[in-house]
Amino acid sequence: MEVIIQQDAEAASLLVAKLIAKALRENPFLVLGLATGGTMEAVYAHLVRMHKEEGLDFSLCRTFNLDEYVGLPPDDPNSYRQYMQRHLFSHVNINPRMTHLPNGMAADLDRECDEYEKLIKRFGGVDLQLLGIGRDGHIGFNEPLSALLSRTRVKALTPTTVAQNAIYFGDPHKVPRRAITMGVGTILDARRCLLLATGAHKAEIVAKAVEGPVTAMISATALQLHPKCTVVVDEAAASKLQGHEYYRWIFQTEPEWAEFR
Ligand code: GLP
């Protein structure tokens, strides 16, 4: 795992967008794993700008989102499908048929989860998986006690997650109680993972995820097992990391980061 500390949320999200853009330029057929949440909005805004101003081409890329609420149709404004439309898909030249999210309205949800896994495999697996982190340390919707080898499945959301997401729904009673999510094992299969966390409210969970013991109680800790995982944080989210001096030194001195300094 490598941790990159940027001055503020703007710089951190720009760096993440640049890493995605670089991967996409190197491989136009990139299989990109996508995430939702407030933190990602800035990343998608940068990607849209890069598409418009620099001609960043999405036409051949394929995407798989981490998760979707159970019981929300794709045209519901709070569905993650609509989130993706709003923040990325409708602003870039991506082929809509190459954008995938689990179907939270499927009559047979277990089957839908199996099909999602198979589809990811059929496309050759995820090359680059973008990740946020929930306040309880979940990645995707892998709530506490998610098996570290879990696959795509239905997960019940914790009261913390429901409360955290209630701001988008207005009424907390309208927040779905379950979601389909890629499993921790599904996420670990990605060739590269890229986690973005910003803001002081994420500092404690980032420290636990990066420097704490690996535990199913905090699914993000499983990323410590991944051979190529980059965690990008701003100063506020990095404030509780013990090894921050070492992480800064890596970013300042290692040749692979030269173009991003
Ligand atoms: C939701 C998503 C997660 C995301 C999290 C954090 O729970 N399922 O994938 O990481 O929100 O959201 P935010 O970026 O708004 O803090």
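Residues numbered from 1 in each chain as written. Predicted model: local features only at pLDDT ≥ 70, side-chain atom pairs only at ≥ 80, totals over all residues. Heavy atoms only, no water.

Examining unusual backbone geometry
In this model, leucine 145 sits at a positive phi of 75°, which is unusual for a non-glycine residue. Checked against the element boundaries, leucine 145 lands in the loop between strand E6 (128-131) and strand E7 (153-156). Here leucine 145 falls in the exposed class, since its relative accessible area comes to 60%. (Helix = DSSP H or I, 4+ residues; strand = E, 2+ residues; numbered from the N terminus. Buried < 20%, exposed > 50% of the residue type's maximum accessible area, 1.4 Å probe, protein only.)

As for the site of the ligand
Neighbouring the ligand are 15 residues; Gly38, Thr39, Asp67, His138 and Lys202 lie closest to it. A distance of 2.9 Å is found between an oxygen atom of the ligand and a side-chain nitrogen or oxygen belonging to histidine 138. Protein chains shield 94% of the accessible area of the ligand, which is 390 Å² for the free molecule. When residues of the shell around the ligand are traced back to their parent elements, those giving at least two are helix H2 (38-54) and helix H5 (159-169). Of the residues forming the shell around the ligand, the biggest block, 3 residues, is contributed by H5. Of the residues in the shell around the ligand, the class split is 4 nonpolar, 9 polar and 2 charged. (Near = heavy atom within 4 Å. Polar contact = N/O pair within 3.5 Å; in protein donor to acceptor, adjacent residues only side chain to side chain. Areas by Shrake-Rupley, 256 points an atom, 1.4 Å probe, with all protein chains shown as cover. Nonpolar A, V, L, I, M, F, W, Y, C, P; charged D, E, K, R; others polar.)

Topic: the nonpolar core
Core analysis: the largest hydrophobic core is formed by 84 residues, its most contacted members being Leu47 and Val233. Examining the composition of this core, we find that 9 residues originate from one element, helix H1 (residues 9-26), more than from any other. (Core = buried A, V, L, I, M, F, W, Y, C linked by side-chain atoms within 4.5 Å.)

Focus: the packing of H2 against helix H3 (residues 80-87)
Across the interface, H2 lies against H3 with an axial gap of 9 Å and an inter-helix angle of 40°. Looking at the two axes, H2 sits oblique to H3. Along its contact with H2, which presents Met40, Glu41, Tyr44 and Val48, the element H3 presents Tyr83, Met84 and His87. Broken down by class, the residue content of the contact of H2 with H3 amounts to 5 nonpolar, 1 polar and 1 charged. (Axes fitted to C-alpha atoms, helices over the stretch in contact; angles between N-to-C directions. Parallel < 35°, antiparallel > 145°, perpendicular 65-115°, else oblique. Contact = heavy atoms within 4.5 Å.)

Some points on the side chain of glutamate 2
Counting through the fold element by element, glutamate 2 comes out in strand E1 (residues 2-6). Judged by relative accessible area, which is 16%, glutamate 2 ranks as buried. Polar contacts involving the side chain of glutamate 2 include one to the side chain of threonine 230, which spans 2.8 Å.

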